[in-house]
Amino acid sequence: MNFDEYKTHSDESEALPFDPNSNAFAVLSFLAEHPELGFKPAEINEHVDVAKGSLNPTLSRLEERGLVEHEPPYWSAAADDRLAAVTGTMYSMEAFEAHHGDDDFSGWHESDVDPRDHR
């Protein structure tokens, strides 16, 4: 992959920060849980596992992407369809985990059926 081409594409991407281990995901998830509220950075820091020095740069990047709004000193989740879709996905994943978290899927691939074989 041509790195410059990749970098240009990734910089322009509308994709959301969906890596559950990222600072952006932690901050965005917290703000999305409280869409009607605004929080000071110190308040956000109390609820997310993000280093204090990384919080403001993370919020700024999210603001650049239109995912959070900033009216000093408060930050809040933006009204964005992409954010609503991610929030819905997060709730679906939590519901699936709550309902199927104890299911044992080991060995499923030994008996799975490929629907293409049964046309």
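What counts and what doesn't
- Residues numbered from 1 in each chain as written.
- Predicted model: local features only at pLDDT ≥ 70, side-chain atom pairs only at ≥ 80, totals over all residues.
- Heavy atoms only, no water.
- Buried < 20%, exposed > 50% of the residue type's maximum accessible area, 1.4 Å probe, protein only.
- Helix = DSSP H or I, 4+ residues; strand = E, 2+ residues; numbered from the N terminus.
- Arc of directions from axis to C-beta.
- Axes fitted to C-alpha atoms, helices over the stretch in contact; angles between N-to-C directions.
- Parallel < 35°, antiparallel > 145°, perpendicular 65-115°, else oblique.
- Contact = heavy atoms within 4.5 Å.
- Nonpolar A, V, L, I, M, F, W, Y, C, P; charged D, E, K, R; others polar.
- Phe/Tyr/Trp six-rings, centres within 6.5 Å; stacked < 30°, edge-to-face > 60°.
- Pairing = 2+ DSSP bridges.
- Core = buried A, V, L, I, M, F, W, Y, C linked by side-chain atoms within 4.5 Å.
- Patch = residues over 30% accessible without salt bridge, like charges linked within 9 Å, V, L, I, M, F, W, Y side chains within 5 Å.
- Areas by Shrake-Rupley, 256 points an atom, 1.4 Å probe, with all protein chains shown as cover.
- Salt bridge = Lys/Arg side-chain N within 4 Å of Asp/Glu carboxyl O.
- Lys, Arg positive; Asp, Glu negative; His and termini not counted.
- Charge placed at Lys NZ, Arg CZ, Asp CG, Glu CD.

A look at helix α4 (residues 52-64)
Taken together, the buried positions of α4 are L55, T58, L59 and L62. One side of α4 holds all its buried residues, which, seen down the axis, span an arc of 100°. What points out from α4, more than 90 degrees from its buried face, is the exposed set G53 and E64.

Re helix α2 (residues 23-33)
Counting buried residues in α2 gives eight out of eleven residues, a clear majority hidden from the surface. Of all the residues in α2, the buried ones are A24, F25, V27, L28, S29, F30, L31 and A32.

Quick notes on the packing of α2 against α4
Working note: a packed helix pair is described by the angle between its axes plus the distance between those axes. Remark: α2 packs on α4, axes separated minimally by 10 Å, with the N-to-C direction vectors making an angle of 75°. With respect to each other, α2 and α4 are oriented roughly perpendicular. The segment α2 lies against α4, with N23, A24, V27, L28 and L31 engaging S54, L55, T58, L59 and L62. Taken together, the residues of the contact of α2 with α4 break down into seven nonpolar, three polar and no charged.

A closer look at the packing of aromatic side chains
Evaluated as defined, the whole model comprises one aromatic pair. When the ring of F30 is compared with that of F39, the centres are 4.7 Å apart and the planes differ by 55°; the resulting orientation is tilted. Using a relative accessible area of 11% as the deciding quantity, one classes F39 as buried.

Considerations on the pairing of strand β2 (residues 74-77)
Where strand β1 (residues 68-71) meets β2, four bridges bridge the pair, whose relative direction is antiparallel. Looking at β2, one finds that H70 is bridged to W75. Connecting β1 to the antiparallel partner β2 that follows it, the hairpin turn spans two residues.

Quick look at the nonpolar core
In globular proteins that are soluble, nonpolar side chains generally tend to be buried together. Judged by nonpolar contacts, the single largest core of 18 residues is most densely connected at V27, L31, I44, L59 and L62. Counting residues per element, the ones that place at least two in this core are α2, α4 and β2. Per element, the largest residue contribution to this core is six residues, and it comes from α2.

Looking at unusual backbone geometry
Going from P72 to P73, the amide bond is cis rather than trans, its omega being 5°. By secondary structure assignment, the location of P73 is in the loop between β1 and β2.

Comments concerning a negative patch on the surface
A surface patch of like charges, here negative, comprises E97, D102, D103 and D104. The topology assignment puts D104 in the loop between α5 (81-100) and α6 (108-111). A residue is classified by how much of its surface remains accessible, and D104, at 63% relative accessible area, is exposed.

Examining the environment of S29
Relative to the helices and strands, S29 resides in helix α2. S29 sits in the buried class, given a relative accessible area of 11%. Each C-alpha atom, one on S29 and one on A77, is 9.0 Å from the other, the two residues being 48 residues apart in sequence.

No statement about biological role is implied by the geometric values presented.
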